[in-house]
Amino acid sequence: QVQLVESGGGLVQAGASLRLSCEASGRTFSSYTMGWFRQAPGKEREFVARINWSGGSTYYADSVKGRFTISRDNAKNTVYLQMNSLKPEDTAVYYCAVTRIRSTDALDYHYWGPGTQVTVSS
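Residues numbered from 1 in each chain as written. Predicted model: local features only at pLDDT ≥ 70, side-chain atom pairs only at ≥ 80, totals over all residues. Heavy atoms only, no water.

**Notes on the side chain of Ser21**
Thinking step 1. One can find Ser21 in strand E3 (residues 18-26).
Thinking step 2. Sequence-distant contacts of Ser21, defined by excluding residues within four places in its chain, comprise Val5, Glu6, Ser7, Trp36, Thr78, Val79 and Tyr80. (Helix = DSSP H or I, 4+ residues; strand = E, 2+ residues; numbered from the N terminus. Contact = heavy atoms within 4.5 Å.)

If you want it as structure tokens, here you go:
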């Protein structure tokens, strides 16, 4: 089993930056693909970004491409999401998740953190 805890969320103005962190515990963390998802009130959970076990393959949703950067530090069992040029539409609870394959589908992710709130004001 894997346990995940997100941190780094907060309230910021449009155009600001935040860096989210997700610390993992459990076996074979470095062998998993890690993903970030987000969910706004009244909306379904949506894919944001993913990164493979080595960090050599990343993929982003069109809505965040060019603004967000996902990275991981396997020695620290941590994955990051650097969020720049934040927009009000980025407001959501952000979740870190784990899967064994490269996927953008939340149903493929087996372990989830409790989430961290990101609020962007205009």
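**Topic: the environment of Arg100**
Thinking step 1. Relative to the helices and strands, Arg100 resides in the loop between strand E9 (92-99) and strand E10 (111-112).
Thinking step 2. A relative accessible area of 57% places Arg100 in the exposed class.
Thinking step 3. Along the chain, Arg100 and Ser31 lie 69 residues apart, while their C-alpha atoms are 7.7 Å from each other. (Buried < 20%, exposed > 50% of the residue type's maximum accessible area, 1.4 Å probe, protein only.)

**Describing the nonpolar core**
Thinking step 1. Within the largest apolar cluster, 33 residues are counted, with the highest numbers of intra-cluster contacts made by Trp36, Leu81 and Tyr94.
Thinking step 2. Elements with a minimum of two residues in this core: strand E1 (2-7), E3, strand E4 (33-39), strand E5 (46-51), strand E7 (68-73), strand E8 (78-83), E9 and strand E11 (116-121).
Thinking step 3. Per element, the largest residue contribution to this core is five residues, and it comes from E9. (Core = buried A, V, L, I, M, F, W, Y, C linked by side-chain atoms within 4.5 Å.)

**Side note on the pattern of salt bridges**
Thinking step 1. Under the definition given, this model contains three salt bridges.
Thinking step 2. We note a salt bridge from Arg67 to Asp90, for which the minimum N-O separation is 2.8 Å. Linking Arg67 in the loop between strand E6 (58-60) and E7 with Asp90 in the loop between E8 and E9, this pair joins segments that are 23 residues apart in sequence.
Thinking step 3. The buried category is assigned to Asp90, whose relative accessible area is 0%.
Thinking step 4. Overlapping salt bridges bring together Arg38, Glu46, Arg67 and Asp90 as one network. (Salt bridge = Lys/Arg side-chain N within 4 Å of Asp/Glu carboxyl O.)

**Digging into the sheet that holds E3**
Thinking step 1. The four strands lie next to each other as E1-E3-E8-E7, forming an open sheet whose pairing is antiparallel. The open sheet is flanked by E1 and E7, the only strands paired with a single partner. Strand-to-strand twist across the sheet, computed as the mean angle between neighbouring axes with direction ignored, equals 15°.
Thinking step 2. Across six bridges, the pairing between E3 and E8 is antiparallel. Bridging from a neighbouring strand, Ser21 pairs with Tyr80 of E8. (Pairing = 2+ DSSP bridges. Axes fitted to C-alpha atoms, helices over the stretch in contact; angles between N-to-C directions.)

**Overview of the state of the cysteines**
Thinking step 1. Scanning all chains against the criterion turns up one disulfide.
Thinking step 2. The side chain of Cys22 participates in a disulfide bridge whose partner is Cys96; the two sulfur atoms lie 2.3 Å from each other. Residues Cys22 and Cys96 share a disulfide whose torsion about the S-S bond is about -80°; that sign makes it left-handed. With Cys22 in strand E3 and Cys96 in strand E9, the pair connects residues that are 74 residues apart, well separated along the chain.
Thinking step 3. Here Cys22 falls in the buried class, since its relative accessible area comes to 0%.
Thinking step 4. The class for Cys96 is buried, based on a relative accessible area of 0%. (Disulfide = S-S within 2.5 Å.)

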